[in-house]
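# Examination of the molecular architecture
Here's the letter readout for the chains.
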Amino acid sequence: MKIWIDGQLLDEAQAKVSVFDHGLLYGDGVFEGIRVYSGRIFELRAHLVRLYESAKAIRLDIPMTLEELSEVTEKTVNANEISDGYIRLIVTRGVGTLGLDPFLCKKPSVIIIADKIQLYPEEFYEKGMKVISSATMRIHPMSLPPQIKSLNYLNNICATMDAIEHGVQEALMFNHLGYLAEASGDNVFVVKNGILYTPPTEAGALNGITRSIVIELAKQQGLPVIEKDIARFELYVCDECFLTGTAAEVIGVVEIDGRVVGNGKPGPITAKLRKLFYEYAHGRKPENS
Ligand code: PXG
């Protein structure tokens, strides 16, 4: 495997970062996870825009333009002959000292890994996933805005552990007000009486690329989508619930904290949006658009 690291495509064994990199020492940096479908990098521009915005918010100057980064991302995918896979784009603060001061880090590091993707088993899509409410509160949006896709995922990792401890596949995270924010690595939608609801980013959700596409696809189908605060009760009594994310795409939720969602199977709107998303991602035009 060839890894892009600071201007060079290196063999995996040679692709190394310093122990003084603040990405390692403090989680100081930003990243993106991007899919490759049938040889096409999916929504590369949207991911790069989000990466540059995350970087700007933490005063991290990515040492190349968006166009240059776009080109080397393509180059890395081609060098590894990936036609269906996953790209991890990482920008760290770079090498500094054993102190917090990021201004002592002279040059951010840019790393691109293009690899195969570990997908959820097909069974999860057919039968749906079980989730729990995590005891780990989503980080306060006025503290570290969850719109920044930073290298520090401890908040989400703690929620992931909560899910595993409970023997379920995902954990829902709630904000300081008790409203739904998102899942540990996915956005959340609920359906009630034919209307889709999803938390606004201010509630502590990442501005998911999959989320935006699903909102657009739903609207094209004439399905109303409302961004609003969602309380636990609304989750417990919804008709359908699904998660969206780069890795998961669109996946149904069939149980929340032991309460069965709908009839216990992924619902029809979830199935429709999953199909439309698949067609969109694979370059086919969605129906009725
Ligand atoms: N919320 C969070 C906290 C995320 O990390 C999403 C929502 C969905 O956003 P996109 O843009 O992907 O639709 C994410 C992204 C992983 C993994 O290994 C997960 C993400 C990114 C990279 C890796 O589980 N989720």
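Everything numeric here is computed off the predicted structure, so don't read it as measured data.

### What to know about the pattern of salt bridges
Under the definition given, this model contains 13 salt bridges. Between Glu32 and Arg50 there is a salt bridge, and its shortest N-O distance comes to 2.8 Å. Residue Glu32 is located in strand E3 (residues 29–37), and its partner Arg50 is located in helix H2 (residues 44–57); the two are separated by 18 residues in the primary sequence. Given a relative accessible area of 0%, Glu32 falls into the buried group. The exposure class of Arg50 is buried, given its relative accessible area of 9%. One salt-bridge network, in which partners are shared between bridges, spans Arg35, Glu249 and Arg274.

### Some remarks on the domain arrangement of the protein chain
What the domain assignment reports for the protein chain is domain 1 (2–115) and domain 2 (122–281). Placing the centre of domain 1 and that of domain 2 at their C-alpha centroids yields a distance of 27 Å. Domain 1 puts 25 residues into the contact, and the matching count from domain 2 is 18 residues. Between domain 1 and domain 2, the buried area comes to about 1,600 Å², and carbon and sulfur atoms account for 63% of it. Per-residue buried area on domain 1 facing domain 2 is highest for Phe31, Phe42 and Arg50; these three make up 35% of the total on that side. Across the domain 1-domain 2 interface, the total number found is 1 salt bridge. For Arg35, the salt bridge goes to Glu249, with nearest N and O atoms at 3.3 Å. At the boundary of domain 1 and domain 2, one finds 11 residue pairs in polar contact (both at pLDDT 80 or more). At the level of elements, helix H1 (22–26), E3, H2 and strand E5 (85–92) are the ones that each hand at least two residues to the side of domain 1 that touches domain 2.

### Comments concerning the side chain of Glu240
With respect to the helices and strands, Glu240 occurs in strand E13 (residues 240–245). The charged side chain of Glu240 is buried without a salt bridge, its nearest counter-charge being Lys192 at 11 Å. A polar side-chain atom of Glu240 sits 3.1 Å from the main-chain amide nitrogen of Ile269. Only 2.7 Å separates the side chain of Glu240 from the side chain of Thr270, close enough to count as a polar contact. When neighbours within four sequence positions are excluded, Glu240 is seen to be in contact with Phe189, Val190, Val191, Val261, Gly267, Pro268, Ile269 and Thr270.

Procedures and definitions
Residues numbered from 1 in each chain as written. Predicted model: local features only at pLDDT ≥ 70, side-chain atom pairs only at ≥ 80, totals over all residues. Heavy atoms only, no water. Salt bridge = Lys/Arg side-chain N within 4 Å of Asp/Glu carboxyl O. Helix = DSSP H or I, 4+ residues; strand = E, 2+ residues; numbered from the N terminus. Buried < 20%, exposed > 50% of the residue type's maximum accessible area, 1.4 Å probe, protein only. Domains from an automatic or database assignment. Contact = heavy atoms within 4.5 Å. Buried area = accessible area lost by both parts, 1.4 Å probe. Polar contact = N/O pair within 3.5 Å; in protein donor to acceptor, adjacent residues only side chain to side chain. Lys, Arg positive; Asp, Glu negative; His and termini not counted.

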